[in-house]
Amino acid sequence: MYDYLFISEQMLSLSAVLCFYFIDHYSRYQHKKWLDPQFKTPSHSARINRVLLTTAIVLLGLAFLSSQIFTIVYASGISELEPLIFMGGGVRCILFLMLWSGWLNILFVLMMLTYFKLKPGERYPVLHKMMLAMGGVVVTLAIVKALAYLVSLKSLLVPALNRPAHDGVTAGGFISPAELFILAILIVIFTFSYRLLRSKRKNLYYSIYLLVNLLLFLFLLIPYYQLGTLLFNVNLPSSAGVSGFTYESHYVLLVLGFLFGSALISVIMAGVYIALSDKMLVPSFGRAYALKYAAINFFTVLLLSMLPIYPLLIKTVFS
């Protein structure tokens, strides 16, 4: 079951890369046509290009689903093993790689959709750079994932029988009162920068918003590191270390992956639309889409900021 899911995800991703090559090929014909109306494009090249774009988007979407299903099935199989068996970091590595490569596929889908909103003469130069970057990332990740999966299988077939000693981490200590005060200040600044972006709609204010985003993300690594240590501790036996991917922990790592993925993808796409706004059919569309993605990012980051507070709040109220 694991093998079939993993191979399916790899084949879908690499098939999308093959589509990238032909998309680039046929888009070049369309670009030459827009530059020189006398240029004769191959028959049905525009239709073939649209079909290829749709096919690549579907393949990346299916690869995303395969990667998420793999993490659930693989982690569930490991969690059923004897808790005292230790399998090392390879098992956890492939789960993280599959989880985040899936979200990269969603980012690539959204980036490809910008193609249809660009001016005809601007489409190929932007698309060509996208195809090169996305193809390189997908191929590199495919190689890394294949190696990580082989390492994890070796650990799965021949697990270590010893369990390393570890310091237990208990719930309720994800954030201290001092860190909570700093977080509150950052949230106020973050909200102010978001309001500036919505009111001014200029690249400068997006840069300010992006910088505050980065600072808040870096600060959130403190409480989420504590949460990750609890749910994904490399010193715990594998059955406990992958519990965040299973129903016993309500798939909390998949949920957090969704929230972090949404926050990162939305802020990246906001920047993409702002950068491409002058090249779009209607320049105001770029900034309008950028603000929509910024709104998704704003509310997702606020939610991520609120989650570490709940254990401290519950502890304060009921202690």
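Residues numbered from 1 in each chain as written. Predicted model: local features only at pLDDT ≥ 70, side-chain atom pairs only at ≥ 80, totals over all residues. Heavy atoms only, no water.

Novice: Break down the overall build of the chain for me, with residues and values.
Specialist: Within the chain one finds 10 helices and zero strands. Seen in sequence order, the chain has helices and strands lined up from the N terminus as α-α-α-α-α-α-α-α-α-α. If you take every contact in the chain between residues at least 6 apart in sequence, the share linking residues at least 24 apart comes to 81%. Summed over its atoms, the accessible surface of the chain is roughly 16,200 Å², and 72% of this surface lies on carbon and sulfur atoms. (Helix = DSSP H or I, 4+ residues; strand = E, 2+ residues; numbered from the N terminus. Contact = heavy atoms within 4.5 Å. Areas by Shrake-Rupley, 256 points an atom, 1.4 Å probe, with all protein chains shown as cover.)

Novice: Describe the packing of aromatic side chains, listing the residues and the values that go with them.
Specialist: Counted according to the given criterion, the structure contains 20 aromatic pairs. Plain terms: the ring middles of Tyr 74 and Tyr 149 are 6.1 Å apart, the flat faces sit at 55 degrees to each other, and that makes the pair tilted. A residue pair is termed long-range when its members are at least 10 positions apart, and Tyr 74 in helix α2 (residues 45–79) and Tyr 149 in helix α4 (residues 120–157) qualify at 75 residues. Tyr 149 gets classed as buried once you look at its relative accessible area, which sits at 4%. When the ring of Phe 217 is compared with that of Phe 260, the centres are 6.1 Å apart and the planes differ by 40 degrees; the resulting orientation is tilted. (Phe/Tyr/Trp six-rings, centres within 6.5 Å; stacked < 30°, edge-to-face > 60°. Buried < 20%, exposed > 50% of the residue type's maximum accessible area, 1.4 Å probe, protein only.)

Novice: So what's going on with the packing of α2 against helix α3 (residues 89–113)? Which residues, and what values?
Specialist: In a packed pair of helices, the relevant descriptors are the angle between the two axes and the axis-to-axis distance. Axis separation between α2 and α3 bottoms out at 9 Å; the angle between their running directions is 160 degrees. With respect to α3, the element α2 is oriented roughly antiparallel. Our pair here, α2 against α3, has a crossing hand that is left-handed. (Axes fitted to C-alpha atoms, helices over the stretch in contact; angles between N-to-C directions. Parallel < 35°, antiparallel > 145°, perpendicular 65-115°, else oblique. Left-handed = near helix turned anticlockwise from the far one by under 90°.)

Novice: Would you mind going over helix α5 (residues 177–200) in detail, with residue names and values included?
Specialist: Since the α-helix turns once every 3.6 residues, residues separated by three or four places project in the same direction. Under the 1.5 Å per step criterion, the end-to-end length of α5 is 35 Å for 24 residues, consistent within 8% with the ideal 34 Å. Within the sequence span of α5, burial applies to Leu 183, Leu 186, Ile 187, Phe 190, Ser 193, Tyr 194, Leu 196 and Leu 197. (Expected span 1.5 Å × (residues − 1).)

Novice: How would you explain the side chain of Thr 246 if you had to name every residue and give the values?
Specialist: Mapped onto the elements, Thr 246 comes out in the loop between α7 (238–241) and α8 (252–276). Contact partners of Thr 246, with chain neighbours within four places excluded, come to Ala 75, Ser 76, Ser 79 and Tyr 251.

Novice: Can you break down the packing of α8 against helix α9 (residues 283–306) residue by residue, with the values?
Specialist: The contact between α8 and α9 brings their axes to 8 Å, and the two run at 155 degrees. Here α8 is positioned roughly antiparallel relative to α9, judged by the angle of their axes. Here the hand of the crossing between α8 and α9 comes out left-handed. Contacts from Leu 259, Phe 260, Ser 262, Ala 263, Ser 266, Val 267, Met 269, Ala 270, Tyr 273 and Ile 274 in α8 reach Gly 286, Arg 287, Tyr 289, Ala 290, Tyr 293, Ala 294, Ile 296, Asn 297, Thr 300, Val 301, Leu 303 and Leu 304 in α9.

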